[in-house]
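Now for the letters of each chain:
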Amino acid sequence: MEFNVKKLASDAGVFFSRAMQFTEEKLGQAEKTELDAHFENLLARADCTKNWTEKILRQTEVLLQPNPSARVEEFLYEKLDRKVPSRVTNGELLAQYMTEAANDFGPGTPYGKTLIKVGETQRRLGAAEREFIRSASISFLTPLRNFLEGDWRTISKERRILQNRRLDLDACKARLKKAKAAEAKAAAEHELRLTQTEFDRQAEVTRLLLEGISSTHVNHLRCLHEFVESQTNYYAQCYQFMLDLQKQLGSSKGEIFSGTFVGNAESASPAAATSPPTVAAATLPAVPTIPVVPTIVGVPNTVAEGVLNPNEVKPPASGTRRARVLYDYEAADSTELALLADEMITVYSLPGMDPDWLIGERGNQKGKVPVTYLELLS
């Protein structure tokens, strides 16, 4: 116990003297051993790496998990060295609600069918998000966190030791200057040589660790490429899922609305049943940017029935417009026109067409095209 008290008192004395010396250096009242310019650049580079790595790590965590409560929970589980419980993504939760709603409304109804289709896509989006979060955490977040909690802690520890060695060296230099007697000078010179050796050895250890920051940058660069690749795959999957859903909804929309019109006509009064054009006009407004031609001489009325023969369609005398294609589109059947992004085509509408579709022409090719894939030009 007596030994521990003496050691504690000695450590306290050393700490106090170093604190005083450090304060005097800041005030310019004590000599300070300066490190060379290369060493100072290494220190500044290491500090910069640490600061930006922390910011990138924290913001990436926010990107992958926007909910702060969930982030705190994951942090606590990680510190307790326990497995983080599996959490349902927002997309998967939305898919669950849509499926349950479809079962209540009736999975055979138009609304129920659409809810099931959209819900399935949301489930796939949620699963893709889960996989992206897992991949990004392993390939990007973990290396950044390992650097901050491993390499950087070692560097910080060795830097503190180097700082203490430098303070001891400067204190020895000050004692040598104050020594008057030959015996005191000899003792001070011997102590200075020992302190200088310890300082040089610690400076070399710290220098090697600081130069290892270059390897850290190379490793983080590789991890950054993997993160971008994971993010690219994730967004590509989401885009493809939504394209597939859009095609499903586009192909079934006319059928759904047709079934709705038939149901309305059967349940309507006889007077209302005698004027179906009025019902159609009230429910499906014409496309405002493309005038609808009232009649086309010599063309069978097959568009309203959902069957289009491109060879029988003739453009109206007026009402055609130019359009730029926004995205690639693969024709589902022979009645549709395949599209390539950024190409220019001529479009127009026909009586009774679904407002989400137009007739497109490219040279001698004709077919239906979805309006959402086009930018109509004046």
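Nothing here was measured: the structure is a model prediction, and the numbers come from that model.

Undergrad: It is not clear to me how the packing of helix H2 (residues 37-64) against helix H5 (residues 110-178) should be interpreted in this structure. Could you clarify?
TA: Any two packed helices are characterised by the angle at which their axes cross and by the distance between the axes. Where H2 meets H5, the axes come as close as 10 Å, and the angle between the chain directions of the two elements is 150°. Judged by the angle between their axes, H2 and H5 are roughly antiparallel. At the point where H2 passes H5, the crossing takes the left-handed sense.

Undergrad: Before we go on, may I ask you to explain the layout of surface pockets in this structure?
TA: One water molecule sets the probe size; rolling that probe over the atoms shows where empty space is left. One number sums up the size of the largest pocket: a volume of about 1,300 Å³. Taken together, 39 residues make up the lining of the largest pocket; nearest its centre are Gln65, Glu74, Ile133, Ser137 and Leu141. Those elements giving two or more residues to the lining of the largest pocket turn out to be H2, helix H3 (68-79), H5 and helix H7 (213-267).

Undergrad: Looking at this structure, how should I read the nonpolar core?
TA: Side chains of nonpolar character tend, in soluble globular proteins, to be buried together. Counting residues in each nonpolar core, the largest one holds 30 residues, and the members touching the most others are Phe39, Phe132 and Leu210. Going through the elements one at a time, H2, H5, helix H6 (182-211) and H7 are the ones with two or more residues in this core. The dominant element in this core, judged by the number of residues it contributes, is H5, at 14 residues. Val325, Ile345, Val369 and Leu374 belong to the second largest nonpolar core, which has 17 residues in total.

Undergrad: I keep staring at the sheet that holds strand S3 (residues 357-362) and nothing clicks. Help me out?
TA: Within a sheet, each strand pairs with its neighbour through backbone hydrogen bonds, oriented either parallel or antiparallel. Read from one edge to the other, the open sheet built from five strands follows the order S4-S3-S2-S1-S5, with strand pairing classed as antiparallel. At either end of the open sheet lies a strand with only one pairing partner, and these are strand S4 (365-370) and strand S5 (374-376). In this sheet, adjacent strand axes meet at a mean angle of 40° when their direction is disregarded. The pairing of strand S2 (residues 344-348) with S3 spans three bridges and is antiparallel. Residue tyrosine 348 lies in a different strand from S3, and its bridge partner there is isoleucine 359.

Undergrad: Looking at this structure, how should I read unusual backbone geometry?
TA: Leave glycine aside and you will find that most residues have negative phi; peptide bonds, for their part, are mostly trans. A positive phi angle, near 80°, is found at aspartate 342, a position not held by glycine. For aspartate 342, the location among the structural elements is in the loop between strand S1 (321-325) and S2. Given the relative accessible area of 54%, aspartate 342 is considered exposed.

Undergrad: Is there a simple way to think about a nonpolar patch on the surface in this case?
TA: On the surface, Val72, Phe75 and Leu76 cluster together into a nonpolar patch covering about 290 Å² of accessible area. With respect to the helices, strands and loops of the structure, valine 72 is situated in helix H3. Relative accessible area serves as the criterion here: at 49%, valine 72 is assigned to the partly exposed category.

Undergrad: Sorry if this is basic, but what is going on with the confidence of the model for the protein here?
TA: Close reading of the predicted structure is inappropriate where its pLDDT is low. For the protein, the mean per-residue pLDDT works out to 80, and 74% of the residues sit at or above 70. Summarising per-element confidence for the protein, the mean pLDDT is lowest in helix H9 (residues 276-283) (40) and highest in H2 (95). Of the regions scoring below 50 in pLDDT, residues 257-306 engages in 36 contacts with residues more than four places distant in sequence or in other chains.

Undergrad: Before we go on, may I ask you to explain the pattern of salt bridges in this structure?
TA: Should their charged atoms come close, side chains of opposite charge can pair. With the rule as written, the count across this model stands at 17 salt bridges. Between glutamate 361 and lysine 366 there is a salt bridge, and its shortest N-O distance comes to 3.8 Å. Residue classification places lysine 366 among the partly exposed positions, given a relative accessible area of 23%. Sharing partners across several salt bridges, the network here consists of Asp36, Glu204 and Arg207.

Cut-off values and rules
Residues numbered from 1 in each chain as written. Predicted model: local features only at pLDDT ≥ 70, side-chain atom pairs only at ≥ 80, totals over all residues. Heavy atoms only, no water. Axes fitted to C-alpha atoms, helices over the stretch in contact; angles between N-to-C directions. Helix = DSSP H or I, 4+ residues; strand = E, 2+ residues; numbered from the N terminus. Parallel < 35°, antiparallel > 145°, perpendicular 65-115°, else oblique. Left-handed = near helix turned anticlockwise from the far one by under 90°. 1 Å grid on protein atoms, 1.4 Å probe; cavity = no way out; pocket = protein on both sides within 12 Å on 5 of 7 lines; lining within 4 Å. Points joined across faces, edges and corners; volume = space filled by probe spheres on them. Core = buried A, V, L, I, M, F, W, Y, C linked by side-chain atoms within 4.5 Å. Buried < 20%, exposed > 50% of the residue type's maximum accessible area, 1.4 Å probe, protein only. Pairing = 2+ DSSP bridges. Patch = residues over 30% accessible without salt bridge, like charges linked within 9 Å, V, L, I, M, F, W, Y side chains within 5 Å. Areas by Shrake-Rupley, 256 points an atom, 1.4 Å probe, with all protein chains shown as cover. Salt bridge = Lys/Arg side-chain N within 4 Å of Asp/Glu carboxyl O. pLDDT = per-residue confidence, 0-100. Contact = heavy atoms within 4.5 Å.

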